[in-house]
Amino acid sequence: MNEESMGLALEMKGVRKSFPGTIAVDDVDFEVRPGEVHALVGENGAGKSTLMKMIAGSFDDYEGQIIVKGREVRLHTPTIAKKFGIGMIYQELSLARPISITENLLAGRLPRKGPFLDKRLAKRQARSLLEGVGLDLDPDLPIEDISQHEAQLVEIAKVLGNDPIILVMDEPTSALSREEVERLFAIIDQLRKRGIAIVYISHHLPEIFKIADRVTVMRDGKKIATKPIGEVTREEIVQMMVGRSVKEFYKRQERTIGEARLRVKGLSRFGFFHDVDFEARRGEILGICGLSGAGRTELARVLVGLDRADAGSIEVDGSPVRGSTMAEHLEQGIAYLTEDRKIEGLALRLAVDDNILSAIIDRLSSASVFSKSKGMQRVRALIGELSIYPPDPSRTVGNLSGGNQQKVLLAKWLASEPKVLILDEPTRGVDIGAKMTIHSSIEKLARQGCTVLLISSDLPELVGLTDRVMIMRKGHFTREMDYGECSEESLLLAANGDVGTGEGRAS
Amino acid sequence: MSDNRGPAPDGATDGAATAQADTRSVKTGSLSSLVNTAGVYGIALLFLVLGAVLQFTGAIGNFLSPQNLLNIVDAVALVGIVAVGMSFVTYSGNYADMSVPTTMGLTGYICIELLRYGFIPAIIGAIGVSLLIGVLNGFVVGKFKANPIIWTLAVNYVTMGIIRLVWVNKQIYPDMKGSSPDVVALFDAIYRLRFFKLIGLPLVILILLVVIGQFVLTKTSFGVKLKLTGSAPKAAKLSGIPIETVIMTSFVLAAFTAAIAGLAVTSLSRVGAWYNGAGYDFKAVTAIVIGGMTLAGGRGTILGVLGGSLIIGILNNIMTLIGIGTFSQDMVRGAIFILVVGINAKSLRSLGRDDA
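Source: prediction; values computed, not measured.

## Let's talk about the overall build of chain A
- The helix and strand inventory of chain A stands at 19 helices and 24 strands.
- For chain A, the C-alpha radius of gyration of 25 Å lies close to 23 Å, the compact-globule estimate for 507 residues.
- Based on the C-alpha atoms only, the size of chain A along its principal axes is roughly 70 × 50 × 45 Å.
- Looking at chain A as a whole, 49% of its 507 residues are labelled buried.
- Sequence-distant contacts in chain A: of pairs separated by 6 or more residues, those separated by 24 or more amount to 67%.

In structure tokens form, the structure reads like this:
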């Protein structure tokens, strides 16, 4: 080992990990210094999660070298990774909700007095771990009684309890409010001062500029660049991420927006959203922006008949939507592409054609006899239009790549020829090629006169694709921005509750 | 520009990469299920050969005699009728209907009680009551997501209790309820009627049920909805499929064929008894699973289930001829069930799916 790598907390040299048919991480060099916050950015599918899973010991068949504190190690299991001082904080919390903070924090190493649990010592240890992250909570409380933000900090405290050398944080702020993010950053800053090396994965570029010392950009499994944060601009990072400028990425074609199609008045589902009023027109792509928990998905579920509204009305083309089931709403032209692809969206065990036709079974049947052949022309056309690969209708959907699965899901709803299509995170977790196909397909649909409601956390997507964006916050529509005034920054600020100033579509 | 071909660094990298790591071309076409179904009949044939070999080596007598083969067919008919209906429940992803035994028993009691009003009213009444059990099962499992095994098992015991309470723990006979002898004769004929002195009515019904069942499963909108419901209930629901109704229908079908089998068994024994259907639950599930219908739902064929019933029937017959007692036969059936479910689970896992 040379001098330089002795000074690094973590060094990865030429690491590579492939899945059948895909090289997820391709010959990547990556390093983190002690006391550094190193941001890792990239589009979904760029390979950052795979890289981090490698560090976490999730794979036993990666290639290349991983060096921790100057010592080459093979991180083949999570236990080994933990032993070498690697701490992971995932997006989804790993805490057990019904049991106490103490038991969660000290899981696997609860202090004993003879054969019994030493409760007082355990509580004391838990309290000091909580102090380390600035929490003043009763360690006896079960996790379900504390807030999401506090649980996030408990999770961090739990990982810190193992004295990590390297701390990996995957989108730690995705569920936090703005004030909570500030508090988290203060804690990260303390950890940095204690000499812990921090890898920080995030989609929120403004956050990265606030907290990171260096940034590494990944795209298509390869490392594009590592730069000190002071030497890059947001535009440069975005450009490296997408491989082309955002403006180029979203080339808009002219669309004509027609008369009102979907009219929502005073719609409420108590506890989730209240008094929602809006109108969406033919050929319009209307964005709905908000943090998770703002009520976006809940609103979609009511619009599509999955949940009941407590008050208010929904009209399509001037006539009120009848019935209270999804099938009835679907019949009246409202379709919904769910956020969850694998469980709620697709039947992974079934073939591509079975999935694409699954929303129009009754339409393809006469006298209860189902005619698959009647639908096959549509299936083939959609496979072609969305360039679903492989272009084989009998292929099992679960064996397709994530991007192609998402295209199949979209194809299912395109096949239903909806008047109003609600899309909930339509490009989450897909590669950039699939994303572009899906976007151009959404635009085409709008050009044909369909009204599209686009719920997305992908701000460039909202900015680039929509005609208007409604901002939803804590169950209310708080603001509306048209194409000219919305930008990533203004959307982010508005979703967080600030009155943003339109900075134009700079990004 | 919209191309996404070849080894794209796809969603496979983020999120659950391992879940979709398998990219072999597994097709879900009807070809593979036909091969599976053919395999089931191959195994049935093997058991026939085994029986023949045992006869020629002198271990058992008369396996190949016409009378014995007829016995096999008759037994297969009863198990098969129950299994065909129950396989809709399995296909819907709800494992099995454990209330079948007492549904069969109750059907017999009701029919015998109603014989005094005529044959047709008795049959309709008996089947009607069993359909109510199916509606109840389907409603509770479909609407309230009750665990199907636990719920139908409970219904089985509650029904048993009701039978024994109402008929004060007594068996009843067709000719003791003041029914006309003609009607009793008709009732006796349910099991004993033979076309061309050979083919029993239950066998005819089974063949009809298999043909109709296979058609319903593969060619009707209900069948397509059932496949989606069994394969991915949430995705089915979010495709606008009324999965509660679909699941309810599958339980009603199971109850319907259980009622038919119950009538046949009661006609055979000429007595209404609460234990008339005992063992048919497990025999049917075993036939279904051996027939290639996986407990995870959404996979398999009715033809396969018929093959499974055939295997069960031949196996039972051989075991009886060898002189293996009822209890030991239960053990063998249990072991086979575990074996088949285990093999199924393993082969699915090796295909990269862990949802056996």
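## Focus: the nonpolar core
- The biggest cluster of nonpolar side chains holds 177 residues, and the ones touching the most others in it are A:Ile422, A:Val452 and B:Val82.
- Counting residues per element, this core draws most heavily on helix H10 (residues 243–269) of chain B, at 17 residues.
- Not counting chain neighbours up to four residues away, the residues in contact with A:Val452 comprise A:Ile285, A:Leu286, A:Leu421, A:Leu423, A:Ile442, A:Leu445 and A:Ala446.
- Core analysis: the second largest hydrophobic core is formed by 68 residues, A:Leu105, A:Val168, A:Met169 and A:Val238 among them.

## Here we look at the sheet that holds strand S18 (residues 334–337) of chain A
All names here are of chain A.
- Here six strands make up an open sheet; going across it, the order is S18-S21-S22-S15-S23-S24 and the pairing mixed. Two strands lie at the open edges of the sheet, namely S18 and strand S24 (476–482), each paired on one side alone. Ignoring strand direction, the axes of neighbouring strands in this sheet form an average angle of 20°.
- The pairing of strand S23 (residues 468–473) with S24 spans six bridges and is antiparallel. Among the inter-strand pairings, Met472 is bridged to a residue of S24, identified as Phe477.
- Each of strand S15 (285–289), S18, strand S21 (420–424), strand S22 (451–455) and S23 touches helix H11 (residues 296–303); the most contacted strand, S21, lies at about 150° to it.

## Section: the sheet that holds strand S12 (residues 222–228) of chain A
Residue and element names in this part refer to chain A.
- Strand order in the open sheet made by the six strands is S6-S9-S10-S3-S11-S12, with mixed pairing throughout. With one partner strand each, in any of the chains shown, strand S6 (86–89) and S12 form the two edges of the open sheet. Pairwise comparison of adjacent strand axes, ignoring direction, gives a mean angle of 20° for this sheet.
- Here four bridges tie strand S3 (residues 37–41) to strand S11 (residues 214–219), and the two strands are oriented parallel to one another. Within S11, the position partnered with Ala39 by the bridge is Val215.
- Where helix H6 (residues 148–160) meets the sheet, it contacts S6 and strand S9 (166–170), and its direction lies at approximately 170° from that of S6.
- Along the sheet, helix H9 (residues 234–242) contacts S3, S11 and S12; its crossing angle with S11, the most-contacted strand, is approximately 30°.

## Brief notes about the environment of A:Ala122
All names here are of chain A.
- Checked against the element boundaries, Ala122 lands in helix H5 (residues 119–132).
- Given 21 C-beta atoms within 10 Å, Ala122 falls into the buried group.
- In this structure the C-alpha to C-alpha distance between Ala122 and Leu110, which are 12 residues apart in sequence, comes to 6.4 Å.
- With near-sequence residues (within four places) excluded, Ala122 lies in contact with Thr102, Leu106, Leu110, Pro111 and Leu117.

## Remarks on the domain arrangement of chain A
- Per the domain assignment, the segments making up chain A are domain 1 (3–247) and domain 2 (260–495).
- Computed from C-alpha atoms alone, the centre-to-centre distance between domain 1 of chain A and domain 2 of chain A is 33 Å.

## Comments concerning the confidence of the model for chain A
- Mean pLDDT over chain A works out to 86, with 92% of the residues at or above the 70 mark.
- Throughout residues 499–507 of chain A the model reports pLDDT below 50, and contacts reaching past four residues in sequence, or to other chains, amount to 22 contacts.

## Description of unusual backbone geometry
All names here are of chain A.
- The omega angle of the peptide bond from Tyr389 to Pro390 is -5°, so this bond is cis rather than trans.
- Positionally, Pro390 belongs in the loop between helix H15 (372–385) and helix H16 (402–415).
- With a phi close to 50°, Asp317 is a non-glycine residue in the positive phi region.
- Structurally, the position occupied by Asp317 is in the loop between strand S16 (311–316) and strand S17 (319–320).

## Concerning the packing of helix H3 (residues 100–114) of chain B against helix H11 (residues 280–290) of chain B
Residue and element names in this part refer to chain B.
- Following both chains from N to C, one finds H3 and H11 inclined at 125°, their axes separated by 7 Å at the closest point. Between H3 and H11, the angle is such that the two are oblique. Two secondary-structure elements touch here, H3 through Val100, Pro101 and Met104 and H11 through Tyr280, Asp281 and Ala284.
- Looking at the contact of H3 with H11 residue by residue, the classes come out as five nonpolar, no polar and one charged.

## Regarding helix H5 (residues 148–166) of chain B
Residues and elements named next belong to chain B.
- Here H5 is 19 residues long and its end C-alpha atoms lie 26 Å apart, about the 27 Å a rise of 1.5 Å per residue gives.
- Taken as a whole, H5 has its buried residues at Pro148, Trp151, Thr152, Asn156 and Ile163. Taken end-on, H5 shows its buried residues confined to a sector of 140°, consistent with a single buried face. Exposed and oriented more than 90 degrees from the buried face of H5 are Ile150, Gly161 and Leu165.
- Its buried side turned inward, H5 meets H3 and helix H4 (119–144).
- Two residues or fewer after H5 comes Val168, characterised by a positive phi angle close to 35°.

## A closer look at the environment of A:Val242
Residue and element names in this part refer to chain A.
- The topology assignment puts Val242 in helix H9.
- In this structure Val242 comes out as partly exposed when scored by C-beta crowding, with 19 C-beta atoms within 10 Å.
- Separated by 92 residues in the primary sequence, Val242 and Ile334 place their C-alpha atoms 33 Å from one another.

## Thoughts on H6(A)
All names here are of chain A.
- Between its first and last C-alpha atoms H6 spans 18 Å; for 13 residues at 1.5 Å apiece the expected length is 18 Å, and the two agree.
- Of all the positions in H6, only Gln152, Leu153, Val154, Glu155, Ile156, Ala157, Lys158, Val159 and Leu160 are classed as buried.
- Each element contacted by the buried residues of H6 is listed here: S6, helix H4 (101–105), H5, S9 and helix H7 (178–193).

## Some points on the pairing of strand S13 (residues 260–269) of chain A
Residue and element names in this part refer to chain A.
- In the sheet, S13 pairs with strand S14 (residues 273–281) via six bridges, with the strands oriented antiparallel. Paired with Ala260 across the two strands is Arg281, which belongs to S14.
- In this sheet, S16 lies alongside S13 in antiparallel orientation, the contact comprising five bridges. For Val264, the partnering residue across the bridge sits in S16 and is Ile314.

## What about the pairing of S3(A)?
All names here are of chain A.
- Most of S3 sits inside the fold, with five of its five residues counted as buried.
- In S3, alternate side chains face the same way, and those of Val37, Ala39 and Val41 on one face and His38 and Leu40 on the other are all buried.
- Inspection of the sheet shows S3 paired to strand S10 (residues 197–201) by four bridges, in the parallel sense. Residue pairing in the sheet places His38 in a bridge with Val199 of S10.

Definitions and limits used
- Residues numbered from 1 in each chain as written.
- Chains lettered and ligands numbered in written order.
- Predicted model: local features only at pLDDT ≥ 70, side-chain atom pairs only at ≥ 80, totals over all residues.
- Helix = DSSP H or I, 4+ residues; strand = E, 2+ residues; numbered from the N terminus.
- Rg over C-alpha atoms; globule rule 2.2 N^0.38 Å.
- Buried ≥ 20, exposed ≤ 12 C-beta atoms within 10 Å, placed from the backbone.
- Contact = placed C-beta atoms within 7 Å.
- Core = buried A, V, L, I, M, F, W, Y, C linked by C-beta atoms within 7 Å.
- Pairing = 2+ DSSP bridges.
- Axes fitted to C-alpha atoms, helices over the stretch in contact; angles between N-to-C directions.
- Domains from an automatic or database assignment.
- pLDDT = per-residue confidence, 0-100.
- Parallel < 35°, antiparallel > 145°, perpendicular 65-115°, else oblique.
- Nonpolar A, V, L, I, M, F, W, Y, C, P; charged D, E, K, R; others polar.
- Expected span 1.5 Å × (residues − 1).
- Arc of directions from axis to C-beta.

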